[in-house]
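Understanding the architecture of this molecule
Below are the chains, spelled out letter by letter.
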Amino acid sequence: MNIQWYPGHMTKAKRAMKEDIKLIDLIIELVDARVPLSSRNPDIDELGAGKARMVLLNKSDLADERFNNAWESYFVAQGCHVVKVNSKSGAGLKQINSVVQEACKEKIERDRRRGILNRPVRAMVVGIPNVGKSTFINSFAGKACAKTGNRPGVTKGNQWIRLNKSLELLDTPGILWPKFEDQQVGIRLALIGSVNDQILNKDELAMELIGFLTKEYPQVLFEKYEIETKDPLEALRQVARARACLAKGGELDLVKASNLLIDDFRNGKLGRMTLEFPGQ
Ligand code: G4P
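Notes on the structure follow. Each chain has its residues counted from 1, running along the sequence as written. Predicted model: local features are reported for residues with pLDDT of at least 70 only, side-chain atom pairs are reported and counted for 80 or more only, and whole-chain, interface and lining totals are derived from all residues. Calculated side-chain values reflect all of the structure's heavy atoms, with hydrogen atoms and water omitted.

1. Describing the environment of Asp182
Secondary structure elements follow DSSP: runs of H or I of four or more residues count as helices, runs of E of two or more count as strands, with numbering from the N terminus. Mapped onto the elements, Asp182 comes out in the loop between strand 8 (174-175) and helix 7 (183-192). A relative accessible area of 41% means that Asp182 is categorised as partly exposed. Between the C-alpha atom of Asp182 and that of Leu236, which follows or precedes it by 54 residues, the distance is 25 Å. Side-chain atoms alone can form a polar contact between residues adjacent in sequence; in general such a contact is a pair of N or O atoms within 3.5 Å, and within protein one must be able to donate a hydrogen while the other accepts it. In this structure the side chain of Asp182 is engaged in a polar contact, spanning 2.8 Å, whose partner is the backbone nitrogen of Gln184. A 1.4 Å probe rolled over the protein chains alone gives each residue an accessible area, and that area as a share of the maximum for its type sets the label: buried under 20%, exposed over 50%, partly exposed in between.

Structure follows, in structure tokens:
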């Protein structure tokens, strides 16, 4: 399967982000906890050079808790401050303020030495599409926040949200695009819904998912669909039978079955799962 996806407006967005990044102290990078590496854009290291870094393992409710912990250690070893969150329910968000202070300790100390007291940390949320940036900003900033009005330098239309006396957030997240040469990365991004569905061959993607489940979570296929075969096509047929996906004339509708299976995975109905592992 060959997934190609490279939006033309990426260079422009990157340039705008570069300007905004000059104004901030901290980058809050959201990744999808099910694919924490594939859902990053490597440009962020260059864009964020010299800034404090925080990684939020978002959608941690959908990922396998054993691997959430392993990924947390992985990013900590890279010098990032890490919090596991579920932006939808709000779980984990309470920890963020104290972790922000910890991540920006040096800046706060530097300000103090210069006699600048209580200047809020300024942060920007970044991440690839669909990783949960808007959900995060809405849950984290909530209704309690007040926009601080336009200030010079911020990209037109953007504003700062004052969260409390020690933290201000840029109200518009920075969108990064996934970058991949490795097709496996493309497949993982397609599975979590970060690559436009229309460019995908859904039954091939479903068979990739089946192959992964057979290897890593074999009991799920058996419990949900009574699948025992290791042959992906036969397994997909079994999904179609189990979910009564029939086309006209009574034939199995494999595309419908593929969509159902992929949606079940995306919505967590197959259980909590992680698609990639540190050190893989
Ligand atoms: P983006 O700005 O980065 O593009 O992402 P956005 O916030 O729009 O979130 C994309 C989808 O991910 C949304 O689902 C959102 O509800 C869901 N989401 C975000 N964070 C979490 C999380 O921590 N856990 C879970 N389980 N889901 C999360 P949607 O289906 O597009 O919308 P909706 O049905 O939730 O309204």
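Additional details are given in the paragraphs that follow.
2. Details of the pattern of salt bridges
Side-chain pairing between opposite charges can occur once the charged atoms of the two side chains come close. Should a side-chain nitrogen of Lys or Arg be within 4 Å of a carboxyl oxygen of Asp or Glu, the pair is scored as a salt bridge. Counted under the stated rule, the structure contains 21 salt bridges. Between Glu29 and Arg40 there is a salt bridge, and its shortest N-O distance comes to 2.8 Å. With Glu29 in strand 1 (residues 26-32) and Arg40 in the loop between strand 1 and helix 2 (43-47), the pair connects residues that are eleven residues apart, well separated along the chain. Salt bridges here are not isolated pairs; linked through shared partners, they connect Asp25, Lys107, Asp111 and Arg119.

3. Quick word on the packing of aromatic side chains
Pairing of aromatic side chains here covers Phe, Tyr and the six-membered ring of Trp, requires ring centres within 6.5 Å, and sorts the geometry by plane angle: under 30 degrees stacked, over 60 edge-to-face, intermediate tilted. Inspection of the entire model under this criterion finds six aromatic pairs. With 5.1 Å between their ring centres and 75° between their planes, Trp71 and Tyr74 make a pair best called edge-to-face. Pair noted here: Trp71 and Tyr74 are both in helix 3 (residues 65-77), with a separation of three residues, about one helical turn. A residue is classified by how much of its surface remains accessible, and Trp71, at 1% relative accessible area, is buried. Residue classification places Tyr74 among the partly exposed residues on the basis of a relative accessible area of 24%. In this structure an aromatic cluster arises from ring pairing among Trp71, Tyr74 and Phe75. The criterion for a charge sitting over a ring is simple: Lys NZ or Arg CZ within 6 Å of the ring centre, and within 35 degrees of the ring normal. The ring of Trp160 carries Arg122 above its face, with NZ or CZ at 4.7 Å from the centroid.

4. Here's the deal with the site of the ligand
We define proximity as follows: a residue is near a molecule or strand when any one of its heavy atoms falls within 4 Å of that partner. Taken together, 15 residues form the shell around the ligand, and within it Asp61, Asn130, Lys133, Ser134 and Thr135 come nearest. Between the ligand and the protein, one listed contact pairs a nitrogen atom with a side-chain N or O atom of Asp61 at 2.8 Å. In these tables, accessible area is a Shrake-Rupley quantity obtained with a 1.4 Å probe, and a residue counts as shielded only by the protein chains included in the view. Considering the ligand on its own, with 710 Å² of exposed area, one finds that the protein chains cover 63% of that surface. For the shell around the ligand, the element with the highest residue contribution is helix 6 (residues 133-141), accounting for three residues. When residues are sorted by character, Ala, Val, Leu, Ile, Met, Phe, Trp, Tyr, Cys and Pro go into the nonpolar class, Asp, Glu, Lys and Arg into the charged class, and all the rest, Gly among them, into the polar class. Its residues placed into classes, the shell around the ligand shows four nonpolar, seven polar and four charged.

5. What about unusual backbone geometry?
For Asn130, which is not a glycine, the phi torsion comes out positive at approximately 75°. If you trace the backbone, Asn130 turns up in the loop between strand 4 (121-127) and helix 6. The phi torsion at Glu226 lies on the positive side, around 55°, for a residue other than glycine. Positionally, Glu226 belongs in the loop between helix 9 (218-225) and helix 10 (232-242). A residue is classified by how much of its surface remains accessible, and Glu226, at 58% relative accessible area, is exposed.

6. Concerning the side chain of Glu29
Residue class for Glu29 comes out buried when judged on its relative accessible area of 1%. A polar contact of 2.8 Å, which involves the side chain of Glu29, links it to the side chain of Arg40. Non-local contacts of Glu29, meaning those with residues more than four positions away in its chain, are made with Arg40, Ile44, Arg53, Met54, Val55, Leu56 and Val126. Here, residues are in contact when the closest pair of their heavy atoms is within 4.5 Å.

7. What about the packing of helix 8 (residues 202-216) against helix 11 (residues 254-266)?
Think of two packed helices as two axes; the pair is described by the angle between the axes and how far apart they sit. Orientation is described by lines fitted to C-alpha atoms, with helices fitted over the stretch in contact, and by angles between N-to-C directions that extend from 0 to 180 degrees. Taken N-terminus to C-terminus, the directions of helix 8 and helix 11 make an angle of 50°; their axes are 9 Å apart at the nearest point. Comparing the axis directions of helix 8 and helix 11 gives the class oblique. In this structure, the crossing between helix 8 and helix 11 has a hand that is left-handed. Along its contact with helix 8, which presents Lys202, Asp203, Leu205, Ala206, Leu209 and Ile210, the element helix 11 presents Ser258, Asn259, Leu261, Ile262 and Phe265. With respect to orientation, any angle under 35 degrees is reported as roughly parallel, any angle over 145 as roughly antiparallel, any angle of 65 to 115 as roughly perpendicular, and every other angle as oblique. Crossings are assigned a handedness: left-handed for a near helix turned anticlockwise from the far helix by less than a right angle, right-handed for a clockwise turn.

8. Quick notes on the environment of Ala103
Structurally, Ala103 can be placed in helix 4 (residues 96-103). For Ala103 and Cys80, which are 23 residues apart along the polypeptide, the C-alpha to C-alpha distance reads 8.1 Å. When sequence neighbours within four positions are dropped, the list of residues in contact with Ala103 reads Leu26, Ala52 and His81.

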